[in-house]
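Single-letter residue listing:
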Amino acid sequence: DFERKWWKEAVIYQIYPRSFQDSDGDGIGDLKGICSRLDYLKDLGIDAIWLSPVYDSPNDDNGYDIRDYYAIMKEFGTMEDFDNLLEEVHKRGMKLIMDLVINHTSDEHEWFKKALEGSEKYKDYYHFADNKDGNPPNNWTSFFSGPAWNYYDKLDAWALHLFSKKQMDLNWENPDLRRDVIAMIKWWLDKGVDGFRLDVINYISKKEGLPDGNELIGQLMGYYGVEHYFYGPKLHDYLKEIKKEAFEPYNAFTVGETPGIGMEMSKLLTAAYRKELDMIFSFDHLETPGHSKFDDYLYDLNYYKEYMIDWMENYYKDNCWMSLFFENHDNPRMISKVNPDPAYRKALGKLLAMMQLTLKGTPFIYQGQEIGAVNRDFKSIDDLRDVESINLYNELKVSVGEEAAFKKVLCGSRDHSRTPMQWDASENAGFTTGTPWIGICGDYKNINVEAELKDEDSILNFYRKLIRLRKENEAFVYGDIKILDKKKKNVFTYIRSSKDSTFLIECNLCQYPVKRSTNKYKSKQLILSNYNDISDILRPYEANLYRIV
Ligand code: ISL
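Here the structure is a predicted model, which means the values were calculated and not measured.

Along the chain, the regular secondary structure elements total 17 helices and 22 strands. Computed over the C-alpha atoms, the radius of gyration of the chain is 23 Å, within 12% of the 24 Å expected from 2.2 N^0.38 for a compact globule of 549 residues. Principal-axis analysis of the C-alpha atoms gives the chain an extent of 75 × 50 × 50 Å. Across the 549 residues that make up the chain, the buried fraction comes to 61%. Of the roughly 21,700 Å² that the chain leaves accessible, carbon and sulfur atoms contribute 49%. With 72 positive and 90 negative side-chain charges, the chain shows a separation of 6 Å between the mean positions of the two kinds.

Turning our attention to the packing of helix H10 (residues 262-270) against helix H11 (residues 301-314). Two elements in contact, H10 and H11, have axes whose closest approach is 12 Å; the angle formed by their N-to-C orientations is 35°. Where H10 crosses over H11, the handedness of that crossing is right-handed. Facing Gly262, Met263, Ser266 and Lys267 of H10, the residues of H11 in contact are Asp310, Trp311 and Asn314. Considered class by class, the residues forming the contact of H10 with H11 number 2 nonpolar, 3 polar and 2 charged.

All right, on to the site of the ligand then. In the vicinity of the ligand lie 17 residues, with Asp61, Asp199, Glu257, Asp330 and Glu388 positioned nearest. Between an oxygen atom of the ligand and a side-chain N or O atom of His104, the distance comes to 2.9 Å. Between an oxygen atom of the ligand and a side-chain N or O atom of Arg197, the distance comes to 2.9 Å. Contact with the protein chains removes 92% of the 500 Å² of surface that the ligand exposes when unbound. Residue composition of the shell around the ligand, grouped by class: 5 nonpolar, 3 polar and 9 charged.

With that out of the way, let us pick up the pattern of salt bridges. One pass over the structure, following the stated rule, counts 53 salt bridges. With a shortest N-O distance of 3.4 Å, Glu3 and Lys5 are connected by a salt bridge. Residue classification places Lys5 among the partly exposed positions, given a relative accessible area of 28%. Measuring nitrogen to oxygen at the nearest pair gives 3.5 Å for the salt bridge that ties Lys267 to Glu264. Of this pair, Lys267 and Glu264 are both found in helix H10, 3 residues apart, which corresponds to roughly one turn of the helix. Its relative accessible area of 10% is what places Lys267 among the buried residues. Look at Glu264 and you get exposed, because its relative accessible area is 52%. Three or more residues joined by partner-sharing salt bridges are found here, namely Asp61, Lys293, Asp330, Asp386, Glu388, Arg414 and Arg418.

Before going further, it helps to spend a moment on a nonpolar patch on the surface. Side chains of Ile217, Leu220 and Met221 sit close together on the surface and give an oily, nonpolar patch of about 320 Å² of accessible area. The partly exposed category is assigned to Met221, whose relative accessible area is 45%.

Here strand S2 (residues 48-51) shows a buried face lined by Ala48 and Trp50 and a second buried face lined by Ile49 and Leu51. Here strand S1 (residues 12-15) runs beside S2; their pairing, made up of 4 bridges, is parallel. Each residue of the ladder has a partner; that of Gln14, found in S2, is Trp50. Bridge count for S2 against strand S5 (residues 95-100) is 3 bridges, and the pairing is parallel. Across the sheet, the residue bridging to Trp50 is Ile97, located in S5.

With that settled, consider the domain arrangement of the chain. According to the domain assignment, the chain consists of domain 1 (6-104 + 173-376 + 418-464), domain 2 (110-168), domain 3 (379-412) and domain 4 (480-548). Computed over C-alpha atoms, the centres of domain 2 and domain 4 are 54 Å apart.

Attention shifts here to unusual backbone geometry. At Val200, a residue that is not glycine, the phi angle is positive and equals roughly 25°. Mapping Val200 onto the fold places it in the loop between strand S11 (195-198) and helix H8 (215-221). A residue is classified by how much of its surface remains accessible, and Val200, at 4% relative accessible area, is buried.

Now for helix H17 (residues 459-472). Its 14 residues give H17 an end-to-end C-alpha distance of 20 Å, which sits within 8% of 20 Å, the value for a rise of 1.5 Å per residue. The buried count for H17 comes to 10 of 14 residues, which makes it a mostly enclosed element.

Inspection of the secondary structure puts Ser523 in the loop between strand S19 (514-515) and strand S20 (524-529). On the accessibility criterion, Ser523 (39% relative accessible area) is partly exposed. Remark: the alpha-carbon pair of Ser523 and Ile102, spanning 421 residues in sequence, is separated by 53 Å. Ignoring any residue separated from it by four or fewer positions in sequence, one finds Ser523 in contact with Arg547, Ile548 and Val549.

In this section: the side chain of Asp99. Summarising the element assignment, Asp99 is placed in strand S5. A polar side-chain atom of Asp99 sits 3.0 Å from a polar atom in the side chain of Trp50. There is a polar contact of 2.7 Å between the side chain of Asp99 and the side chain of Tyr64. Those residues within four positions of Asp99 in sequence are excluded, and the remaining contacts are Trp50, Leu51, Ser52, Pro53, Tyr55, Tyr64, Arg197 and Asp199.

Among the secondary structure elements, Ser57 is positioned in the loop between strand S3 (55-56) and strand S4 (68-72). A polar contact of 2.8 Å, which involves the side chain of Ser57, links it to the backbone nitrogen of Asn59. Those residues in contact with Ser57, other than ones at most four positions away along the chain, are Gly63, Asp65, Arg67 and Met73.

A separate point is the sheet that holds strand S8 (residues 149-152). An order of S7-S9-S8 is seen for the 3 strands of this open sheet, with the pairing classed as antiparallel. Of all the strands in the sheet, just strand S7 (128-130) and S8 have a single pairing partner and so form its edges. Strand-to-strand, the axes of this sheet are offset by a mean angle of 30°, without reference to chain direction. Here 4 bridges tie S8 to strand S9 (residues 157-160), and the two strands are oriented antiparallel to one another. Bridge pairing in S9 links Tyr151 to Trp158.

The next thing to look at is the packing of aromatic side chains. Taken as a whole and assessed by the stated rule, the structure comprises 46 aromatic pairs. Geometrically, the ring pair formed by Tyr344 and Tyr541 is edge-to-face, given 5.6 Å between the ring centres and 80° between the ring planes. Separated by 197 residues along the polypeptide, Tyr344 in the loop between helix H12 (334-338) and helix H13 (345-358) and Tyr541 in the loop between strand S21 (537-538) and strand S22 (543-548) bring together distant segments of the chain. Of the two residues, Tyr344 and Tyr541, neither departs from the other in class, the shared state being buried. Three or more aromatic residues link up through ring pairs in this structure, and these residues are Tyr55, Tyr69, Tyr70, Phe82, Trp111, Tyr122, Tyr125, Trp187 and Trp188. Lying across the ring of Trp437, Arg18 places its NZ or CZ 4.7 Å from the centre.

Here is what the cut-offs are and how they apply
Residues numbered from 1 in each chain as written. Predicted model: local features only at pLDDT ≥ 70, side-chain atom pairs only at ≥ 80, totals over all residues. Heavy atoms only, no water. Helix = DSSP H or I, 4+ residues; strand = E, 2+ residues; numbered from the N terminus. Rg over C-alpha atoms; globule rule 2.2 N^0.38 Å. Buried < 20%, exposed > 50% of the residue type's maximum accessible area, 1.4 Å probe, protein only. Areas by Shrake-Rupley, 256 points an atom, 1.4 Å probe, with all protein chains shown as cover. Lys, Arg positive; Asp, Glu negative; His and termini not counted. Charge placed at Lys NZ, Arg CZ, Asp CG, Glu CD. Axes fitted to C-alpha atoms, helices over the stretch in contact; angles between N-to-C directions. Left-handed = near helix turned anticlockwise from the far one by under 90°. Contact = heavy atoms within 4.5 Å. Nonpolar A, V, L, I, M, F, W, Y, C, P; charged D, E, K, R; others polar. Near = heavy atom within 4 Å. Polar contact = N/O pair within 3.5 Å; in protein donor to acceptor, adjacent residues only side chain to side chain. Salt bridge = Lys/Arg side-chain N within 4 Å of Asp/Glu carboxyl O. Patch = residues over 30% accessible without salt bridge, like charges linked within 9 Å, V, L, I, M, F, W, Y side chains within 5 Å. Pairing = 2+ DSSP bridges. Domains from an automatic or database assignment. Expected span 1.5 Å × (residues − 1). Phe/Tyr/Trp six-rings, centres within 6.5 Å; stacked < 30°, edge-to-face > 60°. Lys NZ or Arg CZ within 6 Å of the ring centre and 35° of its normal.

In structure tokens:
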């Protein structure tokens, strides 16, 4: 039996503010724009909104490089706009979750500027190391290409950045830094925000002395040093401290972004009695084994099934609660990863919705996912904006040439999911009256919110129906889950049940017809399907939801 919590029952929607809705014609989404779309989200059935960072930032990594935690990015509006947004969200009975980027700050943050001016106090807020022989202090590499160290002439010292050259890692060993971060979190909680998504929170504790990364691990992963910080020695201590000092007194919700953590460590981060985080994002289901994000391959949903069986059966045992997601602002669109053939877009988009909203856990829908958005047809590197993509391109082109480099970058570029939200068929898809900061997807005339709302059979309306069903039936939230025919390839069948109802879900995970295995359940009533009728075989990506009567 699970303790009831609003965030277990909620359907959460991620907004990437830069690309959601522009209100002033500068081509960049903003807070007023978000405000104008709240009724759409409420109507969809959304309970809580997670906003990617809206703090003041020079935008080297679109707001994940924060210059001032106490100010709003000027392109997005003012603090007044933020307060107004929060009020409007609450008025509609929804909750607002902020992004908390506390592994690093921008190099333009005043702490870092003071450090560069020579302040010993603020140098200790970051990982500075004196220059010894002209080489970086260790072999760690950045996730966004090249070494993880910048050299600063004036100080004759190096400073650590796991991400871009302008995202400087904070030194969590320093109690003053922790005190300042906690005060900042409380400042936002005092405003009334309901919770946080904690950016790469599992990276905050680094192994003492910052030793060299293992050569083999580095080669295998493509990054050096990860083993010294992805699950650092003081991670649990720091999380317990923030929870006790900031989150708990406000009853604030937290979801940690924790790449590479695996199930057992996830349990240690989220088991309720440990008082660290409420949920985490585990990413291992986003690529099939042996593949990474920039590989050119198609995702086999049988792996998703395998992964989910494991988590459904083993994670919940220890009183943990799972987040369910296919997309976010760091990944290409899931439909395109599984099958880019447009003939399957609709069935596949609905199949993904079916699994995400009927498996056990809290669904996070990423903007555009609900209308079945697909990857962009970028034509050249000039169309891309993301620092990760551009750095990778520049690194790769030296060895493989421009064309091959661009092709590889396109496989995994984060820009696929960062193009503007497609609201209608008007110019610029209703996103802006100006020139969008990144090109609009060419398919917006067909794939947009207005058209999908009108079409009873659309992916969007499928989401709406599923969300409603989830709200009306506790079986989908707190109910048990039992997976059937685990070994049967290409079908994913499971039962959700609570005291008062039992549902059967059957999915075909591939583009070919497969034999159905649910005929033994005689007295069932079809509630929702991505096909119009029932046939004796399961058609490509067919997904059916029945009530067992
Ligand atoms: O997308 C990735 C690289 O291919 C991931 O490694 C990603 O960088 C990682 O999951 C951390 O993501 C978060 O922190 C980054 C930021 O760029 C991402 O947008 C954010 O979600 C640094 O703040």
